[in-house]
Number of protein chains: 2
Amino acid sequence: MERELKIEYFLPQEIEKRSFEIISEELLKRNIELPTDQEPVTKRVIHTSADFEYAETMAYSEDAPAIARQLLINGADIVTDTNMALAGINKKALARLGGQAHCFMADEDVAQAAEERGFTRAAISMEKARIIEKPVIFAVGNAPTALLQLYRMVEEDQYHPAFIIGVPVGFVNVEASKELIMRTKIPYIVNRGRKGGSNIAAAICNALLYETLKNR
Amino acid sequence: MERELKIEYFLPQEIEKRSFEIISEELLKRNIELPTDQEPVTKRVIHTSADFEYAETMAYSEDAPAIARQLLINGADIVTDTNMALAGINKKALARLGGQAHCFMADEDVAQAAEERGFTRAAISMEKARIIEKPVIFAVGNAPTALLQLYRMVEEDQYHPAFIIGVPVGFVNVEASKELIMRTKIPYIVNRGRKGGSNIAAAICNALLYETLKNR
């Protein structure tokens, strides 16, 4: 006999609320207490992934959420390394604060420079962000080479990102690229280890956007 | 003293190859042997998430990968429940096979019908797929309500999806919605449990596309 399945009925707008309640309950069960300023961000990452490991691996530089919110209030732009993250970022919320989101990955000039220089398009697309004449929050959800390029630009004093969200996912240089970012003076939100992704990058951006709009 | 970080140098096109080698090595270490036809799909999901749990939770109906490849060869379209998954699906690869990818989530008529009927937009956007006059592969990466709607349409004999990729993520009705799909006669690829996501839905579509193009 088939096991009976329990379907709960909620109005559409209640589903997210109930999800966050479940996340809070489970964090409590696991004896995990998130610092107040990090809580909305880490919880939204768990909401996006259903993966509680993030509660233990997310790393924030000092006052990172407040710094990011201040940047967003001042109209900072967001540059990301994938069109998936670009699709996931709430661009209406960002526009209400005067910011714009960009992904240069599919640009013809980026593809050409990447080919010529033997770099990934992700790395070159980070360089291209220098054309933006205001503070930029970088949201890297895919390519560790993007983080490595940002690190190089910072170390060589060529360019200074206002903020780095460093959550590439994968197996080659991913962990090291995140560690390098954590050694710079740039404020950051990073997920240590191999996990991350475009969805995680977008979730972090959105959590910061929602907190900014709520508190302004 | 700071720990020395090891950065490996690879040409851009080598990074993915090396990643899949690492995934194979780790599956071997964990004594996990994936069925041959499922291997490219499950490995790409792990590549996208860096989460080996998927090797244990991915569920395939009989011959699901072969059925999906046949559909793609015949020019099937893909309908997804998020613009993030739409952004992540390799639309050039799909077009080479004569297929198109759609997401109706942002459509005005979908928003309106959702409001009127008290449904989620995701559910209504599944209904809208009926306007497509050829076989449709559904790729649900976000909303369990989309899967519940597909289930209802199948049970009421209103509409029959050609294939369902059921990988919504989250905490409310997610597990039950996947179980229901597994009880239909529709061929499926599902990830049991809470995990999934738009990135996972796109990864499954892309794995199937790449296998189809490789073997045709």
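Since the model is a prediction, treat every value here as computed from it, not as a measurement.

Calculation criteria
- Residues numbered from 1 in each chain as written.
- Chains lettered and ligands numbered in written order.
- Predicted model: local features only at pLDDT ≥ 70, side-chain atom pairs only at ≥ 80, totals over all residues.
- Heavy atoms only, no water.
- Helix = DSSP H or I, 4+ residues; strand = E, 2+ residues; numbered from the N terminus.
- Rg over C-alpha atoms; globule rule 2.2 N^0.38 Å.
- Buried < 20%, exposed > 50% of the residue type's maximum accessible area, 1.4 Å probe, protein only.
- Contact = heavy atoms within 4.5 Å.
- Lys, Arg positive; Asp, Glu negative; His and termini not counted.
- Charge placed at Lys NZ, Arg CZ, Asp CG, Glu CD.
- Salt bridge = Lys/Arg side-chain N within 4 Å of Asp/Glu carboxyl O.
- 1 Å grid on protein atoms, 1.4 Å probe; cavity = no way out; pocket = protein on both sides within 12 Å on 5 of 7 lines; lining within 4 Å.
- Points joined across faces, edges and corners; volume = space filled by probe spheres on them.
- Nonpolar A, V, L, I, M, F, W, Y, C, P; charged D, E, K, R; others polar.
- Pairing = 2+ DSSP bridges.
- Axes fitted to C-alpha atoms, helices over the stretch in contact; angles between N-to-C directions.
- Polar contact = N/O pair within 3.5 Å; in protein donor to acceptor, adjacent residues only side chain to side chain.
- Core = buried A, V, L, I, M, F, W, Y, C linked by side-chain atoms within 4.5 Å.
- Phe/Tyr/Trp six-rings, centres within 6.5 Å; stacked < 30°, edge-to-face > 60°.

Draft legend 1. Representation of the overall build of chain A within the structure. Counting secondary structure elements, chain A contains eleven helices and six strands. What you see for chain A is a C-alpha radius of gyration of 18 Å, in line with the 17 Å of a compact globule of 216 residues. Taking the principal axes of the C-alpha coordinates as reference, chain A spans close to 60 × 45 × 30 Å. Here chain A holds 216 residues, and 61% of them are scored as buried. Looking at chain A alone, contacts between residues at least 24 apart form 64% of all its contacts between residues at least 6 apart. For chain A, the separation between the mean place of its 26 positive charges and that of its 31 negative charges on side chains is 3 Å.

Draft legend 2. Up close: the pattern of salt bridges. What the rule picks out here adds up to 36 salt bridges over all chains. Between Glu-26 of chain A and Arg-30 of chain A there is a salt bridge, with its nearest N and O atoms 3.3 Å apart. Between Arg-117 of chain B and Glu-127 of chain B there is a salt bridge, and its shortest N-O distance comes to 2.9 Å. Taken together, the positions of Arg-117 of chain B in helix 7 (residues 108–117) and Glu-127 of chain B in helix 8 (residues 121–128) put the pair ten residues apart, joining distant regions of the chain. Classification of Glu-127 of chain B as buried rests on a relative accessible area of 11%.

Draft legend 3. Structural detail: empty space enclosed by the protein. This model, assessed by the stated rule, comprises one cavity of 30 Å³ or more. Size it by volume and the largest cavity reaches roughly 120 Å³. Forming the walls of the largest cavity are 14 residues, and the residues nearest its centre are Ser-49 and Tyr-54 of chain A together with Ser-49, Tyr-54 and Asn-199 of chain B. Tallied by class, residues from the lining of the largest cavity come to four nonpolar, six polar and four charged.

Draft legend 4. Structural view of the sheet that holds strand 1 (residues 58–60) of chain B. All names here are of chain B. The mixed open sheet is built from six strands, whose spatial order is 1-6-5-4-2-3. At either end of the open sheet lies a strand with only one pairing partner, and these are strand 1 and strand 3 (101–102). Alignment of strand 2 (residues 77–80) against strand 4 (residues 136–140), held across four bridges, turns out to be parallel. Paired with Val-79 across the two strands is Phe-138, which belongs to strand 4. Docked against the sheet, helix 9 (residues 144–155) engages strand 4 and strand 5 (163–166), running at close to 145° with respect to strand 4.

Draft legend 5. Highlighting the side chain of Thr-120 of chain B. Positionally, Thr-120 of chain B belongs in the loop between helix 7 and helix 8. Of note is the side chain of Thr-120 of chain B, whose polar atom sits 3.1 Å from the backbone nitrogen of Ala-123 of chain B. Separated by 2.7 Å, the side chains of Thr-120 of chain B and Thr-145 of chain B make a polar contact. Filtering out sequence-adjacent residues up to four positions away, Thr-120 of chain B remains in contact with Pro-12 and Ile-15 of chain A together with Ala-114 and Thr-145 of chain B.

Draft legend 6. Structural detail: the nonpolar core. Ile-165, Ile-189 and Ile-204 of chain B are the most contacted members of the largest nonpolar core, which totals 76 residues. Looking at this core, the element that brings in the most residues is helix 11 (residues 198–215) of chain B, giving nine residues. Among residues more than four places away in sequence, those in contact with Ile-165 of chain B are Ile-137, Phe-138, Ala-139, Val-140, Ile-189, Ile-204, Cys-205 and Leu-208 of chain B. Formed by 74 residues, the second largest nonpolar core is a distinct cluster that contains Ile-22, Ala-162, Val-167 and Leu-209 of chain A.

Draft legend 7. Representation of the pairing of strand 2 (residues 77–80) of chain A. All names here are of chain A. Side chains Asp-77 and Val-79 project from strand 2 onto one buried face, and the interleaved Ile-78 and Thr-80 project onto a second face that is buried too. Taken together, the three bridges between strand 2 and strand 3 (residues 101–103) define a ladder with parallel strand orientation. The residue of strand 3 that forms the bridge with Thr-80 is Cys-103.

Draft legend 8. Structural context of the interface of chain A and chain B. Chain A puts 45 residues into the contact, and the matching count from chain B is 46 residues. Seen at the junction of chain A and chain B, the total is four salt bridges. Between Glu-26 of chain B and Arg-194 of chain A there is a salt bridge whose closest N-O contact spans 2.5 Å. Our count for the chain A to chain B interface comes out at five residue pairs in polar contact (both at pLDDT 80 or more). Elements with a contribution of two residues or more to the side of chain A that touches chain B: helix 1 (12–29), helix 2 (39–49), helix 5 (83–88), helix 9 (144–155), helix 10 (174–182) and helix 11 (198–215) of chain A. In terms of residue count, the dominant contributor to the side of chain A that touches chain B is helix 1 of chain A (seven residues).

Draft legend 9. The arrangement of helix 2 (residues 39–49) of chain B in detail. Buried residues dominate helix 2 of chain B, accounting for nine of its eleven residues. Turning to helix 2 of chain B, its buried residues number three or more, namely Val-41, Thr-42, Lys-43, Arg-44, Val-45, Ile-46, His-47, Thr-48 and Ser-49 of chain B.

Draft legend 10. Broad picture of the packing of aromatic side chains. Enumeration according to the criterion identifies four aromatic pairs over all chains in this entry. Ring plane angle 75° and centroid distance 6.0 Å describe the contact between Phe-52 of chain A and Phe-171 of chain B, whose orientation is recorded as edge-to-face. Remark: Phe-171 of chain B occurs in the loop between strand 5 and helix 10 (174–182) and Phe-52 of chain A occurs in the loop between helix 2 and helix 3 (54–57); the pair is interchain, linking two chains. For the pair formed by Phe-52 of chain A and Phe-171 of chain B, the shared burial category is buried.

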